[in-house]
Amino acid sequence: MNHLSNLLKEQYMNLHLIWKLSIYNIKSEYSNHYLGLFWNILQPLMQAAIYYMIFGLGLRGATAPDAEIPFIIYLISGLFPWLFISQAINIGSNAIYAQLGLVTKMRFPSSVLLSISYTNSLINLIFMTVIIGLVSVVNQYVNPLYFLSLVYFVIASFALIFAITLVMSTLIILVRDFRNVLQNFIRMGFFLTPIFWQADERGGLLQVVSDLNPFAYLVQNYRNAMIYGDGIIYGDGADHLYFWSITMFILILGSYLHMKFRYRLIDYL
């Protein structure tokens, strides 16, 4: 627990640095693009259009799990948070490896790189959340007060994503094969998370997988805040206990691995 508390304190002490570098990364990424930051909106919308044609018009016939919610709205309310989660995990897990020269030659807190990756992805999600929020308000899907529960989504997603990237950012350097493992893990997570399907309508094994999938918990919390409004926070006591138990386990494991190898990672290159 000491490792974990030290890492969390490290994030808090460098909040200003995390924010500044996140903004700089976003600006520099699109500095040579004509459309600039508009790509933060255009890319997710293009992916949503592709998935809608495949899973909406194709496989489902454009029917929605909930008759009151158009399938395209149901789709993007799950797809956008998943893109945020997958991007944050993928970039965060490779962040230390990509900047290994920086963290080994300077007294730069390497764990901060993981928070920077998370913040970059969160800023991208904010653009899309505004769009879904406007659609929700216009169609009166939920009381706008439910949008406040997105604060819980941000806290819960940071905890899980930070935990996973602590583990993977170390393992990727120690064993290169984990980079391929990560890609397959993210790909599998997409199909096992109720983004274009609903666990209740499948039942059986798929229902069990959804219940055990912490990403499903996050996506459903986001979706609940934006279009459903079934309670302030999605899930019951058992759902919350399971999510935070597995998150804390990964956090403790990740903080141990990170602190054990953070000053010796260059030896494994």
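Residues numbered from 1 in each chain as written. Predicted model: local features only at pLDDT ≥ 70, side-chain atom pairs only at ≥ 80, totals over all residues. Heavy atoms only, no water.

### Looking at a nonpolar patch on the surface
Line of reasoning, step 1. Nonpolar side chains collect at one region of the surface, where Leu205, Val208, Leu212 and Tyr242 lie side by side and expose about 390 Å² of accessible area between them.
Line of reasoning, step 2. Here the nonpolar patch takes 3 residues from helix α10 (residues 204-212), the largest share from any one element.
Line of reasoning, step 3. Residue position: valine 208 is located in helix α10.
Line of reasoning, step 4. Residue valine 208 is classed as partly exposed on the basis of its relative accessible area of 43%. (Patch = residues over 30% accessible without salt bridge, like charges linked within 9 Å, V, L, I, M, F, W, Y side chains within 5 Å. Areas by Shrake-Rupley, 256 points an atom, 1.4 Å probe, with all protein chains shown as cover. Salt bridge = Lys/Arg side-chain N within 4 Å of Asp/Glu carboxyl O. Helix = DSSP H or I, 4+ residues; strand = E, 2+ residues; numbered from the N terminus. Buried < 20%, exposed > 50% of the residue type's maximum accessible area, 1.4 Å probe, protein only.)

### A look at the packing of aromatic side chains
Line of reasoning, step 1. Taken as a whole and judged by the stated rule, the model has 12 aromatic pairs.
Line of reasoning, step 2. These aromatic residues form a ring-pair network of at least three members: Phe84, Tyr118, Phe153, Phe158, Phe162 and Tyr222.
Line of reasoning, step 3. A cation sits over an aromatic face here: arginine 223 above tyrosine 74, 3.7 Å from the ring centre. (Phe/Tyr/Trp six-rings, centres within 6.5 Å; stacked < 30°, edge-to-face > 60°. Lys NZ or Arg CZ within 6 Å of the ring centre and 35° of its normal.)

### Remarks on helix α11 (residues 214-228)
Line of reasoning, step 1. Under the 1.5 Å per step criterion, the end-to-end length of α11 is 19 Å for 15 residues, consistent within 8% with the ideal 21 Å.
Line of reasoning, step 2. Within α11, 15 of the 15 residues are buried, which leaves the element mostly enclosed by the surrounding structure.
Line of reasoning, step 3. The N-terminus of α11 is capped by asparagine 213, whose side-chain oxygen sits 2.9 Å from the backbone nitrogen of phenylalanine 215.
Line of reasoning, step 4. Positive phi shows up at glycine 229, right after α11, with a value of about 65 degrees. (Expected span 1.5 Å × (residues − 1). Polar contact = N/O pair within 3.5 Å; in protein donor to acceptor, adjacent residues only side chain to side chain.)

### Regarding the confidence of the model for the chain
Line of reasoning, step 1. Residues at a pLDDT of 70 or more form 81% of the chain, whose mean pLDDT is 82.
Line of reasoning, step 2. Taking the mean pLDDT of every element in the chain, the minimum, 60, falls on helix α9 (residues 199-202) and the maximum, 93, on helix α7 (residues 150-174). (pLDDT = per-residue confidence, 0-100.)

### What about the packing of α7 against α11?
Angle between the axes and distance between the axes are the two parameters that describe a pair of packed helices.
Line of reasoning, step 1. Direction vectors running N to C along α7 and α11 enclose 160 degrees, while the axes themselves pass 10 Å from each other. As judged from the angle between their axes, α7 and α11 are roughly antiparallel. Here α7 runs over α11; the crossing is left-handed. On the side of α7, the interface is formed by Leu150, Tyr152, Phe153, Ala156, Ser157, Leu160 and Ile164, while α11 contributes Pro214, Phe215, Tyr217, Leu218, Asn221, Tyr222, Ala225 and Met226.
Line of reasoning, step 2. Partitioned by chemical class, the residues of the contact of α7 with α11 number 13 nonpolar, 2 polar and no charged. (Axes fitted to C-alpha atoms, helices over the stretch in contact; angles between N-to-C directions. Parallel < 35°, antiparallel > 145°, perpendicular 65-115°, else oblique. Left-handed = near helix turned anticlockwise from the far one by under 90°. Contact = heavy atoms within 4.5 Å. Nonpolar A, V, L, I, M, F, W, Y, C, P; charged D, E, K, R; others polar.)

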